[in-house]
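Remarks on the overall topology
The lines below spell out each chain.
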Amino acid sequence: MGKIKYLARINCLQPIPCNPCETSCPFGAIYIGDDITNRPVLKSNKCRGCGICVAACPGIAITMAMITGEDNDYVAIPYEYYPMPNIGDVVTLVDSNGVELGKGTVDKFSKPNKNDPTTLVHVVVDCSITDRAVGIKKHVINDDPIICRCEEIFESEIVEAIRKGDRTVEAIKRRTRSGMGICQGKTCNRLVANIIARETGIGANEQMPSSKRPPVGVISIKELSQE
Amino acid sequence: MRIIKHPILGDVKEKKKVNINVDNRQVEALEGEPIAAALMAAGIRAFRRTIKTGEPRGVYCGIGQCNDCIMEVNGVPNVRTCVTLVEEGMIIRTQIGLGKSGDLDD
């Protein structure tokens, strides 16, 4: 055994036609095979922990982990949001479903590929969560974000409507007015569907779709009345 | 939003300047640019105020979808400034709530 080092961890869940991880690896450590929709497999004996595949993955589905054998391990997670955390900050780690696992401390940053802006955040974590920690919870600036911008409906109002029994975008629209504004729900419908999915477990694709009625854009009554 | 230099589109050629009136203030715009671009270039970021909380709103999506950048243009409320091009002498007003139409002189 050599010295303790980082190894890539592939958290790729979807069989989609995508292979930058395989082609970017300078050591041939990632294998996809003839069918490009195969999920990548790591040959850990070839991986040197350089992190190039982490930056190359368009789905930020690769992280790195360094198992120390002691109480604390290291994970390196691609982070593509502002504001970036600072070294020494305590951040919340999440699993691939976004479920909070625990806290970690930011140790350093790295950019594996100078031509790729993706930054890896290296975090010291408790060894009990190393296997599952694949993301850093984004710093939330507003804890009650606006959902329907036209009618000024906040997330808490949507959640309240779901608590009262609403299960469709249409029902929430009738109760809260979310989606009844000037943009005709173009911005908020999808957000509302995702909140329903999060709160009830009914997937956004399984919900009854909201009704779509013309006009799809803003027009004046004058335009309608002209022959 | 006013793009002068772009890696794909190239540099903007000399453009004719037009004057617009924004809340009784003269603002210089480039012919053919969206109203929102002219306002942003002039340092104006609050285009309207919402009806419930009175919060300022401005450019959000920038492609005509979200209707967050609506203003009163030549007496017509709810005009999406990100997809409406400037014209010489346009009279533009900050919109409160759903806005008012018609009389520009009140």
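Figured I'd write up the structure that's included with this text. Since the structure is predicted, the reported quantities are computational estimates derived from the model, not experimental observations.

So, about unusual backbone geometry. Among all residues save glycine, negative phi is the norm, and among peptide bonds the norm is trans. Residues and elements named next belong to chain A. A positive phi angle is found at Ile-60, which is not glycine, with a value near 35°. The residue Ile-60 is located in the loop between helix H2 (52-56) and strand S4 (62-66) in this model. You can call Ile-60 partly exposed: its relative accessible area is 34%. Phi at Arg-177 takes a positive value of approximately 80°, unusual for a residue other than glycine. Turning to its location among the elements, Arg-177 is positioned in the loop between helix H4 (169-176) and helix H5 (189-200).

Residue and element names in this part refer to chain A. Interaxial distance between helix H3 (residues 155-163) and H4 falls to 10 Å at its minimum, and their mutual angle equals 110°. On the basis of the axis angle, H3 is roughly perpendicular to H4. Taken as a pair, H3 and H4 cross one another with a handedness that is right-handed. In this structure, H3 uses Glu-157, Ile-158, Ala-161 and Ile-162 to contact H4, whose residues at the interface are Ile-172, Arg-175 and Thr-176. Taken together, the residues that form the contact of H3 with H4 break down as four nonpolar, one polar and two charged.

Residue and element names in this part refer to chain A. In the structure shown here, the tally under the stated rule is zero disulfides over all chains. Of the cysteine sulfurs around Cys-183, a residue in no disulfide, the closest is that of Cys-150, at 3.7 Å. Given a relative accessible area of 2%, Cys-183 falls into the buried group. Between Cys-188, a free cysteine, and Cys-148, which holds the nearest cysteine sulfur, the sulfur-to-sulfur gap is 4.2 Å. We classify Cys-188 as buried; its relative accessible area is 2%.

Note on placement: Thr187(A) falls in the loop between H4 and H5. By relative accessible area, which is 15% here, Thr187(A) ends up buried. The contacts of Thr187(A), once residues within four sequence positions are left out, are Arg149(A), Tyr60(B), Gln65(B) and Cys66(B).

A word on a nonpolar patch on the surface. Where nonpolar side chains cluster on the molecular surface, the patch consists of Ile219(A), Ile221(A) and Leu224(A) and spans about 330 Å² of accessible area. Relative to the helices and strands, Ile219(A) is located in the loop between H5 and helix H6 (221-225).

This part covers the sheet that holds strand S6 (residues 76-80) of chain B. Residue and element names in this part refer to chain B. Spatial strand order, S2-S1-S7-S5-S6: five strands in an open sheet with mixed pairing. The open sheet has two edge strands with one neighbour each: strand S2 (25-30) and S6. The average angle at which neighbouring strand axes cross in this sheet is 40°, direction not considered. Of the strand pairs in this sheet, strand S5 (residues 70-73) and strand S7 (residues 91-93) are connected by two bridges, and their pairing is antiparallel. Paired with Glu-72 across the bridge in S7 is Arg-93.

This part is about the packing of H3(A) against H5(A). Residue and element names in this part refer to chain A. Contact pair H3 / H5: the axes reach a minimum separation of 10 Å and the direction vectors enclose 50°. With respect to each other, H3 and H5 are oriented oblique. Between H3 and H5 lies a crossing of right-handed hand. Seen from H3, the contacting residues are Glu-155, Ile-158, Val-159, Ile-162 and Arg-163; seen from H5, they are Val-192, Ile-195, Ile-196, Arg-198, Glu-199 and Thr-200. Its residues assigned to classes, the contact of H3 with H5 comprises six nonpolar, one polar and four charged.

The next subject is the interface of chain A and chain B. Listed as interface residues are twelve residues of chain A and, on the opposing side, 13 residues of chain B. A combined buried area of about 1,100 Å² lies between chain A and chain B, and 48% of that area is made up of carbon and sulfur atoms. Among the residues of chain A in contact with chain B, Arg149(A), Glu152(A) and Ile182(A) are the three that bury the most area, contributing 54% of the side total. Joining chain A to chain B, the criterion identifies one salt bridge. With a shortest N-O distance of 2.7 Å, Arg149(A) and Asp68(B) are connected by a salt bridge. The interface formed by chain A and chain B contains six residue pairs in polar contact (both at pLDDT 80 or more). Taken together, the residues that form the side of chain A that touches chain B break down as six nonpolar, one polar and five charged.

What describes a pair of aromatic rings is the distance from one ring centre to the other and the angle between the planes of the rings. Under the definition given, this model contains one aromatic pair over all chains. Taken together, a centroid distance of 5.5 Å and an interplanar angle of 75° make the contact between Tyr79(A) and Tyr81(A) edge-to-face. Here the basic side chain of Lys138(A) rests over the ring of Tyr81(A), its NZ or CZ set 5.2 Å away from the ring centre. When the ring centre of Tyr60(B) is taken as reference, the NZ or CZ atom of Arg149(A) above it lies at 3.6 Å.

Moving on, we get to the pattern of salt bridges. All names here are of chain A. Going through the model one piece at a time under the given rule, you end up with 15 salt bridges over all chains. Its salt-bridge partner being Arg-163, residue Glu-199 comes within 3.6 Å of it at the nearest N-O pair. Here the residue Glu-199 occupies a position in helix H5, and Arg-163 occupies one in helix H3, the gap between them amounting to 36 residues. A residue is classified by how much of its surface remains accessible, and Glu-199, at 32% relative accessible area, is partly exposed. By relative accessible area, which is 62% here, Arg-163 ends up exposed. What emerges from the salt-bridge pattern is a single network uniting Glu-155, Arg-163, Arg-198 and Glu-199.

The rules behind these values
- Residues numbered from 1 in each chain as written.
- Chains lettered and ligands numbered in written order.
- Predicted model: local features only at pLDDT ≥ 70, side-chain atom pairs only at ≥ 80, totals over all residues.
- Heavy atoms only, no water.
- Helix = DSSP H or I, 4+ residues; strand = E, 2+ residues; numbered from the N terminus.
- Buried < 20%, exposed > 50% of the residue type's maximum accessible area, 1.4 Å probe, protein only.
- Axes fitted to C-alpha atoms, helices over the stretch in contact; angles between N-to-C directions.
- Parallel < 35°, antiparallel > 145°, perpendicular 65-115°, else oblique.
- Left-handed = near helix turned anticlockwise from the far one by under 90°.
- Contact = heavy atoms within 4.5 Å.
- Nonpolar A, V, L, I, M, F, W, Y, C, P; charged D, E, K, R; others polar.
- Disulfide = S-S within 2.5 Å.
- Patch = residues over 30% accessible without salt bridge, like charges linked within 9 Å, V, L, I, M, F, W, Y side chains within 5 Å.
- Areas by Shrake-Rupley, 256 points an atom, 1.4 Å probe, with all protein chains shown as cover.
- Salt bridge = Lys/Arg side-chain N within 4 Å of Asp/Glu carboxyl O.
- Pairing = 2+ DSSP bridges.
- Buried area = accessible area lost by both parts, 1.4 Å probe.
- Polar contact = N/O pair within 3.5 Å; in protein donor to acceptor, adjacent residues only side chain to side chain.
- Phe/Tyr/Trp six-rings, centres within 6.5 Å; stacked < 30°, edge-to-face > 60°.
- Lys NZ or Arg CZ within 6 Å of the ring centre and 35° of its normal.

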